[in-house]
Amino acid sequence: MRLILFGPPGAGKGTQANNIADKYATAHISTGDMLRAAVKNGTELGELAKSYMDKGELVPDSVVIGIIKDRIKESDAQKGFMLDGFPRTVGQAEALTQMLESEGVSIDAVVSIEVVDSEIIDRILERQKIEGREDDTEEVVKNRLKVYRDQTEPLKSYYDNQGVLKEVDGMGSIEEVFGRIDKVLQGI
Ligand code: ADP
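1. Concerning the sheet that holds strand β2 (residues 27-30)
Spatial strand order, β2-β3-β1-β4-β5: five strands in an open sheet with parallel pairing. Two strands in the sheet have a free side with no partner beyond their single neighbour: β2 and β5 (165-169). In this sheet, adjacent strand axes meet at a mean angle of 20° when their direction is disregarded. As paired strands, strand β4 (residues 109-114) and β5 are joined by five bridges and run parallel to one another.

2. With respect to the environment of N18
Here N18 is to be found in helix α1 (residues 13-24). Overall, N18 belongs to the partly exposed group, its relative accessible area being 43%. In the structure, N18 is positioned 140 residues away from Y158 in sequence and 26 Å away in space, judged by C-alpha atoms.

3. Brief notes about the nonpolar core
Residues I4, F81, L83, L96, V110 and Y159 are the most contacted members of the largest nonpolar core, which totals 31 residues. Elements represented by at least two residues in this core include exactly β1 (2-6), β2, α3 (44-53), α4 (61-71), β3 (81-84), α5 (90-103) and α8 (155-161). If we ignore the near neighbours within four places in the chain, the residues touching L96 are I4, L83, F86, P87, I107 and Y159. Residues A11, I113, V115 and I121 belong to the second largest nonpolar core, which totals 22 residues.

4. With respect to helix α6 (residues 117-131)
Between its first and last C-alpha atoms α6 spans 21 Å; for 15 residues at 1.5 Å apiece the expected length is 21 Å, and the two agree. Residues I120, I121 and I124 constitute the buried set of α6. Burial along α6 is one-sided: seen end-on, the buried residues are contained in an arc of 95°. Away from the buried face of α6 by more than 90 degrees, exposed residues S118, D122, K129 and I130 are located. On its buried side, α6 packs onto α7 (138-152). Where α6 ends, the next residue or the one after it, G132, has phi of about 65°, a positive value.

5. Brief notes about the pairing of β1
Across a regular strand the side chains alternate sides, sitting on one face of the sheet and then on the other. In terms of residue burial, β1 counts as a mostly covered element, since five of its five residues are buried. As paired strands, β1 and β3 are joined by four bridges and run parallel to one another. Counterpart to R2 in the pairing with β3 is F81. Alignment of β1 against β4, held across four bridges, turns out to be parallel. Bridged to I4 within β4 is V110.

6. Topic: the site of the ligand
Around the ligand, a shell composed of 19 residues is seen, among which T31, R36, E57, G85 and R144 lie nearest. K13 has a polar side-chain atom sitting 3.2 Å from an oxygen atom of the ligand. When residues of the shell around the ligand are assigned to their parent elements, the largest contribution, four residues, is made by helix α2 (residues 31-40). When its residues are assigned to classes, the shell around the ligand shows seven nonpolar, four polar and eight charged.

7. Looking at the pattern of salt bridges
Per the stated rule, a full pass over the model turns up 20 salt bridges. In this structure, K50 and E134 form a salt bridge, with 3.5 Å as the shortest nitrogen-oxygen distance. With K50 in helix α3 and E134 in the loop between α6 and α7, this pair connects stretches of sequence that are 84 residues apart. Judged by relative accessible area, which is 57%, E134 ranks as exposed. Of the charged contacts, one joins D76 and R71 as a salt bridge, the two residues approaching to 2.8 Å between their closest N and O atoms. Judged by its relative accessible area of 14%, R71 is buried. If you follow the salt bridges from partner to partner, you end up with E114, D117, R149, E153, K156 and E167 in one network.

About the thresholds
Residues numbered from 1 in each chain as written. Predicted model: local features only at pLDDT ≥ 70, side-chain atom pairs only at ≥ 80, totals over all residues. Heavy atoms only, no water. Pairing = 2+ DSSP bridges. Helix = DSSP H or I, 4+ residues; strand = E, 2+ residues; numbered from the N terminus. Axes fitted to C-alpha atoms, helices over the stretch in contact; angles between N-to-C directions. Buried < 20%, exposed > 50% of the residue type's maximum accessible area, 1.4 Å probe, protein only. Core = buried A, V, L, I, M, F, W, Y, C linked by side-chain atoms within 4.5 Å. Contact = heavy atoms within 4.5 Å. Expected span 1.5 Å × (residues − 1). Arc of directions from axis to C-beta. Near = heavy atom within 4 Å. Polar contact = N/O pair within 3.5 Å; in protein donor to acceptor, adjacent residues only side chain to side chain. Nonpolar A, V, L, I, M, F, W, Y, C, P; charged D, E, K, R; others polar. Salt bridge = Lys/Arg side-chain N within 4 Å of Asp/Glu carboxyl O.

Pasting the structure below:
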């Protein structure tokens with residue numbers, strides 16, 4: 001199964017990705033986690049990424065596409081994978097399509113977790129208190145949300161045109177939302 005987990009910041013992608021990975025034993029590939037690891041390790045790539053992440057801007061396509069290209073070649077991703085936080089622009093989606101085409105495979109489903117803006121801001125500010133993620137301040141969150149609506153949400157029609165978009169209501173408890181996602185995954 002090749003899956004994209006899609007949705008605004010704070011939609012619960014990371015949490016649901018863990019639930020899916022547990023049940024379906026699929027490789028969980030999160031560009032956000034990979035970039036944060038690079039920042040923590042103080043690599044050149046991390047330094048570059050940090051300057052964008054701190055502002056809630058997207059890291060340049062060339063950087064994230066390169067990371068994903070290497071990552072999906074790894075052995076644990078051969079049978080399938082779940083992408084969390086990638087693609088985020090049309091350029092990234094097109095690059096992904098090409099990468100997969102050259103392997104003769106394609107995306108089976110794009111699960112889009114739908115959550116309204118007011119709920120997103122509340123959830124992220126709550127998370128900031130617990131996890132203290134540097135890009136979870138109100139100003140940066142609002143920018144991440146704007147970037148999502150402007151640059152990332154248009155990808156829904158890209159995948160809808162390919163017939164793989166599955167929208168899931170992201171309001172409710174973690175279990176309720178996972179139940180809805182699970183139902184979608186059983187059907188593909
Ligand atoms: P969230 O979905 O909560 O915004 P992520 O952990 O997915 O958080 O991403 C955090 C930040 O990492 C983003 O705001 C962006 O700066 C950077 N990032 C992650 N994935 C990508 C991507 N595919 N393209 C560009 N930037 C990315």
